[in-house]
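# Commentary on secondary and tertiary structure
Here's the letter readout for the chains.
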Amino acid sequence: MRTLKEAKVGQTVVVKRIGGEGPVKRRIMDMGITKGVEIQVRKVAPLGDPMELNLRGYELSVRKADAAMIEIG
Amino acid sequence: MDIRIALAGNPNCGKTTLFNDLTGSAQYVGNWPGVTVERKEGRLKGRRDVVIEDLPGIYSLSPYTLEEVVARGYLVKERPDAILNIVDGTNIERNLYLTTQLMELGIPVVVAVNMMDLVQKNGDAISLDKLGQMLGCEVVTMSALKGQGSVEAALRAVKAAQEKKEAALPNVFTGSVERAIAHIEESIAEVVDKRSLRWHAVKLFERDRKEREALDLSPALKERLEAHIAKCEEELDDDAESIITNQRYAYIRRVVERAVRKRAAGHALTASDRIDRVVTNRLLALPIFAAVMAFVYWVSISTVGDWVTGWTNDVLFGEMICGNLRAFMEGAGCAPWLTGLVADGIVGGVGSVIGFVPQMLILFLMLSILEDVGYMARVAFIMDRIFRKFGLSGKSFIPMLISSGCGVPGVMASRTIENDRDRKMTVMTTCFIPCGAKMPIIGLFAGALFGGSGLVATSAYFIGVAAVILSGILLKKTKLFAGDPAPFVMELPAYHVPAAANVLRSTWERGWSFIKRAGTVILASAVILWFLQSFGVVDGALQMVEDNNTSLLAAIGNVVAPLFAPLGFGSWKAAVATFTGLIAKENVVGTFGVLYGFAEVAEDGAEIWSLLAQDFTQLTAYSFMIFNLLCAPCFAAMGAIKREMNSAKWTFTAIGYMCGFAYAASLIVYQLGMLLHGGGFTVGTAAAVLALAALVYLVVRKNRHGRAAGAATSVRAASLE
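Residues numbered from 1 in each chain as written. Chains lettered and ligands numbered in written order. Predicted model: local features only at pLDDT ≥ 70, side-chain atom pairs only at ≥ 80, totals over all residues. Heavy atoms only, no water.

## Let's talk about the overall build of chain B
- Counting its regular elements, chain B contains 32 helices and twelve strands.
- For 721 residues, the compact-globule formula gives about 27 Å, and the C-alpha radius of gyration of chain B, at 30 Å, lands near that figure.
- Reported as C-alpha extents along the three principal axes, the dimensions of chain B are approximately 85 × 65 × 55 Å.
- Expressed as a percentage of the 721 residues in chain B, the buried residues total 53%. (Helix = DSSP H or I, 4+ residues; strand = E, 2+ residues; numbered from the N terminus. Rg over C-alpha atoms; globule rule 2.2 N^0.38 Å. Buried < 20%, exposed > 50% of the residue type's maximum accessible area, 1.4 Å probe, protein only.)

## Digging into the sheet that holds strand E1 (residues 3–9) of chain B
Residue and element names in this part refer to chain B.
- One open sheet holds the seven strands; their spatial order is E2-E3-E4-E1-E5-E6-E8, and the pairing between them is mixed. In this open sheet, the two edge strands, each paired with only one partner strand, are strand E2 (27–31) and strand E8 (138–141). Taken over all neighbouring pairs, the strand axes of this sheet differ in orientation by 25 degrees on average, direction set aside.
- In this sheet, strand E4 (residues 50–54) lies alongside strand E3 (residues 38–43) in antiparallel orientation, the contact comprising four bridges. (Pairing = 2+ DSSP bridges. Axes fitted to C-alpha atoms, helices over the stretch in contact; angles between N-to-C directions.)

## A closer look at the interface of chain B and chain A
- Between chain B and chain A, the residue contacts involve 54 residues of the former and 41 residues of the latter.
- Carbon and sulfur atoms supply 56% of the area buried between chain B and chain A, which totals about 4300 Å² over both sides.
- Here chain B is connected to chain A by nine salt bridges.
- Note that Asp49 of chain A and Arg388 of chain B form a salt bridge whose closest N and O atoms lie 2.9 Å from each other.
- In this assembly, chain B and chain A are joined by 16 residue pairs in polar contact (both at pLDDT 80 or more).
- Elements with a contribution of two residues or more to the side of chain B that touches chain A: helix H3 (92–102), helix H11 (240–259), helix H12 (271–279), helix H13 (285–302), helix H17 (375–387), strand E10 (489–491) and helix H32 (708–720) of chain B. (Contact = heavy atoms within 4.5 Å. Buried area = accessible area lost by both parts, 1.4 Å probe. Salt bridge = Lys/Arg side-chain N within 4 Å of Asp/Glu carboxyl O. Polar contact = N/O pair within 3.5 Å; in protein donor to acceptor, adjacent residues only side chain to side chain.)

## What about the confidence of the model for chain B?
Residues and elements named next belong to chain B.
- Per-chain confidence: chain B averages 86 in pLDDT, with 96% of residues scoring 70 or above.
- With pLDDT under 50 throughout, residues 706–721 is counted as low confidence; its partners more than four residues away or in other chains account for 20 contacts.
- On the interface metric, ipTM, the complex scores 0.96, and its pTM is 0.84. (pLDDT = per-residue confidence, 0-100.)

## What to know about the packing of helix H20 (residues 420–429) of chain B against helix H30 (residues 648–676) of chain B
All names here are of chain B.
- Direction vectors running N to C along H20 and H30 enclose 45 degrees, while the axes themselves pass 9 Å from each other. It follows that H20 is oblique to H30 by the angle criterion. The element H20 and its partner H30 pack so that their crossing is right-handed. The residues of H30 that touch H20, namely those facing Lys424, Val427 and Met428, are Trp650, Thr653, Ala654, Tyr657 and Met658.
- Partitioning the contact of H20 with H30 into residue classes produces six nonpolar, one polar and one charged. (Parallel < 35°, antiparallel > 145°, perpendicular 65-115°, else oblique. Left-handed = near helix turned anticlockwise from the far one by under 90°. Nonpolar A, V, L, I, M, F, W, Y, C, P; charged D, E, K, R; others polar.)

## Focus on the packing of aromatic side chains
Residue and element names in this part refer to chain B.
- Considering all chains together, one arrives at 24 aromatic pairs over all chains under this definition.
- Considering the side-chain rings of Phe289 and Phe397, the 5.0 Å spacing of their centres and the 55 degrees angle between planes classify their relative orientation as tilted. In this pair, Phe289 is assigned in helix H13 and Phe397 in helix H18 (residues 397–403), connecting sequence segments 108 residues apart.
- Arranged with centres 6.1 Å apart and planes meeting at 85 degrees, the rings of Phe592 and Phe616 form a pair that is edge-to-face. Taken together, the residues Phe592 in helix H26 (residues 587–595) and Phe616 in the loop between helix H27 (609–615) and helix H28 (618–630) connect sequence positions 24 residues apart.
- Of the aromatic side chains, those joined through ring pairs into one cluster are Phe445, Phe564, Phe569, Phe592, Tyr596, Phe616, Phe624, Phe627 and Tyr663. (Phe/Tyr/Trp six-rings, centres within 6.5 Å; stacked < 30°, edge-to-face > 60°.)

## Focus on the nonpolar core
Residue and element names in this part refer to chain B.
- In this structure, Val408, Phe445, Phe514, Phe592, Phe616, Phe624 and Leu630 are the most contacted members of the largest nonpolar core, which totals 118 residues.
- Ranked by the residues each element gives to this core, the list is headed by H30, at ten residues.
- Judged by nonpolar contacts, the second largest core, of 62 residues, contains Val37, Val192, Trp199 and Ala259. (Core = buried A, V, L, I, M, F, W, Y, C linked by side-chain atoms within 4.5 Å.)

## A look at the pattern of salt bridges
- Summed over the entire model, instances satisfying the criterion amount to 40 salt bridges over all chains.
- With a shortest N-O distance of 3.0 Å, Glu59 of chain A and Arg42 of chain A are connected by a salt bridge. Linking Glu59 of chain A in strand E4 (residues 58–62) with Arg42 of chain A in strand E2 (residues 38–44), this pair joins segments that are 17 residues apart in sequence.
- A relative accessible area of 8% means that Glu59 of chain A is categorised as buried.
- For Arg42 of chain A, a relative accessible area of 18% puts it in the buried group.
- Salt-bridge contacts for Glu104 of chain B lead to Arg248 of chain B; the nearest nitrogen and oxygen are separated by 2.9 Å. Note that Glu104 of chain B is positioned in the loop between H3 and strand E6 (109–114) and Arg248 of chain B in helix H11, a separation of 144 residues in sequence. Residues Glu104 of chain B and Arg248 of chain B agree in their burial class; the two are buried.
- One continuous salt-bridge network, built from bridges that share partners, spans Arg26 and Asp30 of chain A together with Lys203, Glu206 and Glu241 of chain B.

## Digging into empty space enclosed by the protein
All names here are of chain B.
- Summed over the entire model, instances satisfying the criterion amount to one cavity of 30 Å³ or more.
- Its volume calculated, the largest cavity comes out at about 40 Å³.
- What lines the largest cavity is simply Thr100, Glu104, Leu169, Pro170, Val172, Phe173 and Arg198.
- Looking at the lining of the largest cavity, its residues break down into four nonpolar, one polar and two charged. (1 Å grid on protein atoms, 1.4 Å probe; cavity = no way out; pocket = protein on both sides within 12 Å on 5 of 7 lines; lining within 4 Å. Points joined across faces, edges and corners; volume = space filled by probe spheres on them.)

## Points about the pairing of E1 of chain B
Residues and elements named next belong to chain B.
- Here E1 lies mainly inside the structure; six of its seven residues are buried.
- Bridge analysis of E1 against strand E5 (residues 82–88) gives five bridges, and the strand direction is parallel. By the bridge assignment, Leu7 is partnered in E5 with Leu84.

So this is what it looks like as structure tokens:
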């Protein structure tokens with residue numbers, strides 16, 4: 001299964017499933033990363049982590065470790 | 001009875017601007033009880049009977065972050081008369097997510113769509129009628145930045161409060177979820193406040209732990225609820241919390257499809273996107289960051305900041321106030337102790353509080369601009385990779401940088417860090433970075449014992465940075481910083497031109513809170529230490545002494561000196577110098593001067609180098625230096641720590657930790673140094689070896705407390721690589 005962490009910069013992907021549990025998962029979902037949402041990977045920070053995403057019309061940054069919990073199609 | 005209106009909205013939605021606009025100068029700024037989350041309250045301009053409560057900016061009402069818990073607690077327990085929910089029109093989907101939660105509380109809600117001008121500029125359109133129809137509440141527009149429509153929005157909220165027009169519940173949940181929630185509502189109708197029945201039912205469905213604790217339901221009822229939830233989870237193959245979030249966003253999609261018309265599909269680049277392409281560009285981001293930081297440092301520490309601090313301390317307080325006051329009091333024939341108390345103790349103490357303020361205001365002005373523009377979030381984005389390893393935030397970079405000039409504004413600069421744990425960690429460690437006032441101490445010993453070698457100063461910075469890194473790793477594994485992991489899922493808000501009024505107000509608030517909250521501690525400690533330094537028992541009577549050698553402080557120094565013996569500087573002179581260093585670190589040099597019989601010495605104490613070289617060896621001097629660089633900072637910085645921690649326990653923990661760490665570091669350096677110089681293995685050496693072993697253990701041990709989810713994530717991430 002591919003995760004958001006492996007998505008390339010510039011790619012637009014659709015979220016299939018969100019793994020993990022508790023506060024981290026809740027926070028990710030509260031920010032609008034839910035099943036079926038389209039996410040565009042904008043860029044990766046200069047030091048290689050975190051990554052910048054565009055979804056629901058705004059910019060969000062997540063760490064790669066957290067992005068690895070988000071399965072994409 | 002006053003009418004209470006709560007302002008609720010996401011961070012960066014323009015809430016602060018609106019609040020300032022609505023209340024003007026009639027504001028009260030404080031803290032929510034027991035936490036460092038700022039609480040702001042004010043009265044509506046022209047309507048003194050309306051109290052506006054500015055809730056912290058939040059994305060959701062989940063039970064996890066401090067801000068969310070504070071906002072929830074206020075809304076559920078204190079029930080304001082109406083909620084004015086500010087929604088950023090350019091980011092409406094995510095903003096409405098909070099709205100769907102606020103509507104469930106059974107409190108009248110008015111939705112104010114902000115930044116309508118930007119929405120129109122982007123070529124989009126929002127139909128207020130349709131939005132209001134679907135949400136089931138009143139919707140108005142405003143532009144907080146231009147001050148348009150804000151008072152009207154507030155008055156609508158007042159009207160809604162007076163009419164007690166509760167928001168109709170929108171049809172957020174569908175199918176089996178709605179049925180399950182309805183069942184839960186039925187089961188708990190007798191035990192909760194009926195007005196917020198939906199809120200309680202949804203929270204119980206989510207298995208919200210704060211709600212469960214608060215309600216204390218019977219085991220039979222709990223079991224019944226659990227059956228409803230489990231059935232729903234099985235049907236939808238997801239956990240309850242996710243089901244709710246999914247349905248809320250699905251509902252918002254339906255609302256947005258009806259009420260918002262987007263100009264074109266796809267991701268058109270806005271002006272903000274174009275700026276960000278350069279500012280967080282892979283190649284340019286770090287050079288731009290370095291340039292911005294260099295500029296902030298240059299203005300607030302090296303040039304303007306240094307001039308204003310120098311002028312306030314030396315000219316304004318030193319000559320104009322202190323000098324003239326002393327001349328006046330002496331002329332009027334006041335007793336010398338009274339002149340001393342007023343001129344040196346009190347005015348000097350006040351001066352040491354006020355002296356920091358101009359520099360702080362300049363720094364805060366720059367930080368407020370960076371924050372208001374939206375660059376602060378980018379700082380965290382760029383630096384996160386490095387700092388999170390030490391349990392710090394990317395935003396910790398700024399406090400650390402500023403602390404190399406002065407720890408007081410450095411500690412205060414930690415305010416920009418949202419996460420409570422990251423902020424506390426930053427406050428606890430940032431004073432390890434050698435500040436400007438510690439430079440004379442380094443100069444003194446470098447000159448007296450190391451032939452003026454520049455390596456001494458360089459090594460001091462290395463020790464400072466190493467202390468920060470070790471402490472970060474060590475502390476994040478302790479119980480103090482245990483608990484739920486704080487996810488780094490951060491919005492990068494669109495850049496915008498800062499509002500002058502906002503910037504100036506937040507600058508002033510920070511400066512004033514330092515004077516008010518830190519000032520008392522600083523003043524009291526300065527006066528006490530002045531007394532100990534200027535009085536002594538001579539000929540069996542307490543009287544004022546000219547010579548520090550006979551002061552009460554010298555007596556105390558004698559008592560505590562043995563404590564420092566294992567560090568190699570157990571003389572009372574070194575102990576006294578360490579104490580006076582608490583008033584201001586550069587005092588260490590002056591104190592040594594006085595104790596060696598010089599009334600006044602140069603900044604680096606060149607006059608006493610030869611005398612110092614007789615009492616200290618290179619090793620003891622270095623040990624003394626390390627201790628003084630790392631131990632409790634000056635009173636002003638301690639005051640700042642108290643202000644930022646907002647808790648006596650945390651303040652003492654922080655200062656205690658610094659002293660303990662300094663003691664251990666000096667002990668290790670001195671004792672192991674002695675061993676290498678053929679001093680033989682003594683009890684001290686054993687203690688140093690133990691301290692070193694403990695330090696290594698604390699740094700490398702596994703993290704048993706909290707951060708479990710985060711750790712699990714990184715393990716999974718590692719296995720994927």
